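# Analysis of the macromolecular model
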Amino acid sequence: MIGAIRSILLRGFELIERPFDRLFGPALNPVAQLGALGFFFFWIVAVSGIYLFIFFDTGIERAYESVEHLTHAYWFHAGVMRSLHRYASDLMVVMAVVHLLREFANDHYRGTRWFSWLTGVPIIWLLYTSGITGYWLVWDKLAYYVALTTSELLDYLPIFGEPIARNFISTGTLTSRFFTLMVFMHVAVPLFLLFIMWVHILRISRPRMNPPRMLAALTLIALTGVSVWKPALSQGHVDLAKAPVEIGLDWFYLPLYPLTALSGKGAVWAFLAAFSVMIGLMPWLPPLRRAKPAAVDLAHCNGCARCADDCPYEAIRMVRRSDGLPFPAEAQVNPALCVSCGICVGACPSSTPFRRSRELKTGIDLPDYPLAELRARTVAAAQALAGPARILVFACEHGGAAAWPGGVPLPCAAMAPPSLIDYVLSKKLADGVVVAGCAERACFNRLGIAWTQQRFAQQRDPYLRSRVPRDRVACVWTSILEFTRFKQEIDRFAVTIAAHAPIAGTSSPLPPAALAEPGTATPQKSGLVADRSGQP
Ligand code: HEM
Ligand code: SF4
Ligand code: SF4
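Note that the structure is a prediction, hence the values are computed from the model and not measured.

What follows deals with the packing of helix α14 (residues 371-383) against helix α15 (residues 418-426). Running from amino to carboxyl end, α14 crosses α15 at an angle of 30°, the nearest separation of the two axes being 11 Å. The orientation of α14 relative to α15 falls into the category roughly parallel. In this structure, α14 meets α15 at a crossing whose hand is right-handed. Contacts from Leu 374, Arg 375, Thr 378 and Val 379 of α14 reach α15 at Leu 420, Tyr 423 and Val 424. Taken together, the residues of the contact of α14 with α15 break down into 5 nonpolar, 1 polar and 1 charged.

This is the structure we're talking about:
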């Protein structure tokens with residue numbers, strides 16, 4: 001059931017993301033930058049909020065007038081800031097909801113990712129609390145409605161001795177103390193929100209907290225344009241003698257408020273509690289599986305720290321050497337954080353298939369899919385190739401090549417050390433090699449595509465040696481739903497490879513499997529996909 005919902009959502013996201021990819025390119029695709037955009041909107045809200053505080057009168061008697069004054073008398077700076085403050089806050093809600101759905105659709109909420117997922121729940125609560133207290137401060141008709149409904153909702157909970165709605169929100173007894181409390185909360189809650197946003201990304205390495213400059217600039221220009229075109233306005237001074245009617249709601253922050261009158265306060269709280277518990281428990285819903293975490297073999301580790309540098313989940317620490325070998329440090333894996341993506345295996349200088357030792361060993365390896373098995377599968381898959389262009393595909397199990405018949409499965413494209421490609425071509429096992437991963441904007445293991453590209457471009461160790469003919473190596477980045485596009489890319493590559501002088505190699509006695517239609521040959525799947533997403 002959950003799988004079906006995820007797959008529908010994933011298709012929906014694909015439909016939106018592909019045109020954006022064509023328009024902006026994968027690096028600028030805003031749908032792939034939602035977390036970073038969330039931070040960006042937060043900073044816009046923070047800066048505009050500080051600016052507004054210069055003009056805002058925090059006393060309840062003058063609050064409304066001060067907001068009106070800054071909106072109209074200084075519309076060209078403070079008024080624009082007010083609109084930026086409101087619209088960026090609304091966009092934070094949009095971003096948080098779409099980001100949540102996208103992480104869910106991409107199966108990014110289980111295993112070690114439970115931490116980012118779970119800390120997302122308080123983020124939603126704090127975001128809403130910040131927005132609701134903000135609407136209160138304007139002290140217009142909408143503010144009165146918000147104050148009244150919030151107080152009624154709070155009164156439903158057995159927290160306060162006396163009903164606050166009656167005490168504070170009625171003519172005569174209204175004190176400015178409660179208003180001052182809201183002003184304080186509107187500053188304190190966003191600060192706490194920022195703290196939780198920071199905690200949210202603590203467990204991932206190199207989190208993208210800033211959108212690319214171009215995207216940030218375009219977003220800011222668009223937001224400013226909308227702010228000038230449709231400025232945020234108040235809705236008339238509060239009249240405590242009259243119940244607020246006919247007010248315009250902010251549907252981003254207040255969608256549940258009308259429900260309070262329609263279905264009752266209990267129903268609203270029940271919905272909020274059920275939503276939070278359901279979201280909070282999702283990482284631990286079945287099926288619960290887990291591949292074994294990466295293991296360090298000290299006899300082959302020289303303490304170079306490449307694995308720690310490349311791990312996208314902060315699962316490796318360099319610690320003081322414990323085995324007496326003359327190196328200052330050794331790698332240590334935290335099994336609780338490891339998702340068994342194999343990126344560290346691809347990073348280790350010992351991971352070279354050329355090694356002549358009896359048993360192929362490396363400094364860090366995946367117990368369920370060791371480098372020795374990867375080499376054996378590579379050789380077997382190469383032997384099964386035939387035809388004028390023997391193309392060997394290293395297929396990430398989360399990308400468009402996952403179902404490619406005869407492909408060598410990988411939990412992440414970056415598990416394949418560059419020396420493995422060198423090995424295939426220099427041993428003449430194939431005429432061309434394709435490394436296939438997820439869509440470029442959405443690497444399942446966050447950094448696998450970036451590391452592969454940098455290693456091949458010789459910008460990151462271990463790099464693809466210069467002797468490897470670049471025209472015989474291709475990277476294809478396609479999403480799991482783009483098998484047809486993957487096949488087109490392979491066909492195109494096959495044409496260029498066939499045009500080359502063939503690498504004189506062993507011609508295979510086996511039938512050509514590599515260029516067959518999907519389903520016509522049995523894919524050499526390892527069945528690792530589910531296991532390697534790192535579910536507990
Ligand atoms: C204002 C709200 C939020 C902000 C600013 C935010 C920001 C971020 C950022 C910057 C990242 C790192 C992205 C990367 O570099 O790969 C991230 C990751 C993540 N976020 Fe959020 N987030 C927010 C809300 C949420 C919510 C509500 C949820 C879900 C309940 C959520 C779930 C996740 C998960 C699961 C990841 C980990 C992705 C991974 O490991 O690849 N976030 N978030
Ligand atoms: S397998 Fe992946 S998550 Fe585990 S230590 Fe290696 S790089 Fe990190
Ligand atoms: S990359 Fe290999 S050699 Fe370097 S620290 Fe990690 S396990 Fe040791």
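On we go.
This part takes up helix α16 (residues 448-456). Considered for burial, the residues of α16 that qualify are Gly 448, Ile 449, Trp 451, Thr 452, Arg 455 and Phe 456. The arc enclosing the buried residues of α16, seen along the axis, measures out at 165°, which places them on a common side. Once α16 finishes, Gln 458 follows within two positions and takes phi at roughly 60°, a positive value.

Before going further, it helps to examine the sheet that holds strand β6 (residues 408-410). The sheet built from 4 strands is open, its strands ordered β6-β5-β7-β8 with parallel pairing. Taken across any chain shown, the strands that pair with only one partner, and hence form the sheet edges, are β6 and β8 (473-477). For this sheet the average axis-to-axis angle between neighbouring strands, irrespective of direction, equals 20°. The pairing of strand β7 (residues 432-437) with β8 spans 5 bridges and is classified as parallel. Residue pairing across strands places Ala 436 opposite Val 476, the latter belonging to β8. Strands β5 (391-396), β7 and β8 of the sheet are contacted by α15, whose axis makes an angle of about 150° with β7. Sheet contacts for α16: β7 and β8; angle to β8, the most-contacted strand, approximately 160°.

Thresholds applied
- Residues numbered from 1 in each chain as written.
- Chains lettered and ligands numbered in written order.
- Predicted model: local features only at pLDDT ≥ 70, side-chain atom pairs only at ≥ 80, totals over all residues.
- Heavy atoms only, no water.
- Axes fitted to C-alpha atoms, helices over the stretch in contact; angles between N-to-C directions.
- Helix = DSSP H or I, 4+ residues; strand = E, 2+ residues; numbered from the N terminus.
- Parallel < 35°, antiparallel > 145°, perpendicular 65-115°, else oblique.
- Left-handed = near helix turned anticlockwise from the far one by under 90°.
- Contact = heavy atoms within 4.5 Å.
- Nonpolar A, V, L, I, M, F, W, Y, C, P; charged D, E, K, R; others polar.
- Buried < 20%, exposed > 50% of the residue type's maximum accessible area, 1.4 Å probe, protein only.
- Arc of directions from axis to C-beta.
- Pairing = 2+ DSSP bridges.

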